[in-house]
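# Chains, contacts and geometry: an overview
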Amino acid sequence: AGKTALLDALADRVKAPVGGEVLVNGNLKDSSRFKYISKYVPQEDHHIPVLTVRQTLMCSALLYTTDTSLARERVDYVLELLGLQTEENVIIGGPLLRGISGGQKRRVSI
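Figured I'd write up the structure that's included with this text. As the structure is a computational prediction, the values presented were derived from the model and not from experiment.

Turning next to the overall build of the chain. Helices and strands together make up the secondary structure of the chain, namely five helices and two strands. The helix and strand sequence of the chain, counted from the amino end, reads α-β-β-α-α-α-α. In terms of principal-axis extent, the alpha carbons of the chain reach across some 45 × 35 × 20 Å. Taking all 110 residues of the chain together, the buried fraction comes to 23%. A sequence separation of at least 24 residues applies to 49% of the contacts in the chain between residues at least 6 apart. For the chain, the exposed surface amounts to about 8300 Å²; the carbon and sulfur share of it is 56%.

Right, dumping it as structure tokens:
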């Protein structure tokens, strides 16, 4: 019913021109600010199935900073925020390798 198309347009992932106004909290959307306060999570997750939840989040955190202690702090915070502490040492898994649930994978994708 167009949900993905709407999210693609909001995330500026549509190549065709999109008309109209987009308001965020009552203000015109500023694309650079919007990318800072939101993240686009695709429908299909692309994780390395043999890595644990913690390892996957560390890889992502290290893309933003080279300070490993800061990366660890951020990962700890995200694990707590998303309720994934009990799964932090469980592998992500894939079609041939059992791992965390689909809902947990979506949370790791965030």
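Here the narrative resumes.
Along the chain, His-46 falls in the loop between α2 (31–37) and α3 (53–64). His-46 gets classed as exposed once you look at its relative accessible area, which sits at 71%.

What follows deals with a nonpolar patch on the surface. Together, Ile-48, Val-50 and Leu-97 line one region of the surface with nonpolar side chains, adding up to about 260 Å² of accessible area. Along the chain, Val-50 turns up in the loop between α2 and α3. The exposure class assigned to Val-50 is exposed, which follows from its relative accessible area of 56%.

Here we take up the side chain of Glu-87. Assignment of secondary structure puts Glu-87 in the loop between α4 (68–81) and α5 (102–109). Buried charge without a partner: Glu-87 forms no salt bridge, and the closest opposite charge is Arg-107, 5.9 Å away. Here the side chain of Glu-87 touches Thr-86 through a polar contact of 2.9 Å, side chain to side chain. Look past the residues within four positions of Glu-87 in its chain and what remains in contact with it is Val-53, Ile-100 and Gln-104.

Let us look at the nonpolar core. Judged by nonpolar contacts, Val-53, Leu-57, Met-58, Ala-61, Ala-71, Val-75, Leu-79, Leu-82, Leu-84, Ile-92, Ile-100 and Val-108 together constitute the single largest core of twelve residues. Elements represented by at least two residues in this core include exactly α3 and α4. Ranked by the residues each element gives to this core, the list is headed by α3, at four residues. Apart from the residues lying within four places of it in its own chain, the contact partners of Leu-84 are Val-53, Leu-79, Gln-104, Arg-107 and Val-108.

Conventions adopted
- Residues numbered from 1 in each chain as written.
- Predicted model: local features only at pLDDT ≥ 70, side-chain atom pairs only at ≥ 80, totals over all residues.
- Heavy atoms only, no water.
- Helix = DSSP H or I, 4+ residues; strand = E, 2+ residues; numbered from the N terminus.
- Buried < 20%, exposed > 50% of the residue type's maximum accessible area, 1.4 Å probe, protein only.
- Contact = heavy atoms within 4.5 Å.
- Areas by Shrake-Rupley, 256 points an atom, 1.4 Å probe, with all protein chains shown as cover.
- Patch = residues over 30% accessible without salt bridge, like charges linked within 9 Å, V, L, I, M, F, W, Y side chains within 5 Å.
- Salt bridge = Lys/Arg side-chain N within 4 Å of Asp/Glu carboxyl O.
- Lys, Arg positive; Asp, Glu negative; His and termini not counted.
- Polar contact = N/O pair within 3.5 Å; in protein donor to acceptor, adjacent residues only side chain to side chain.
- Core = buried A, V, L, I, M, F, W, Y, C linked by side-chain atoms within 4.5 Å.

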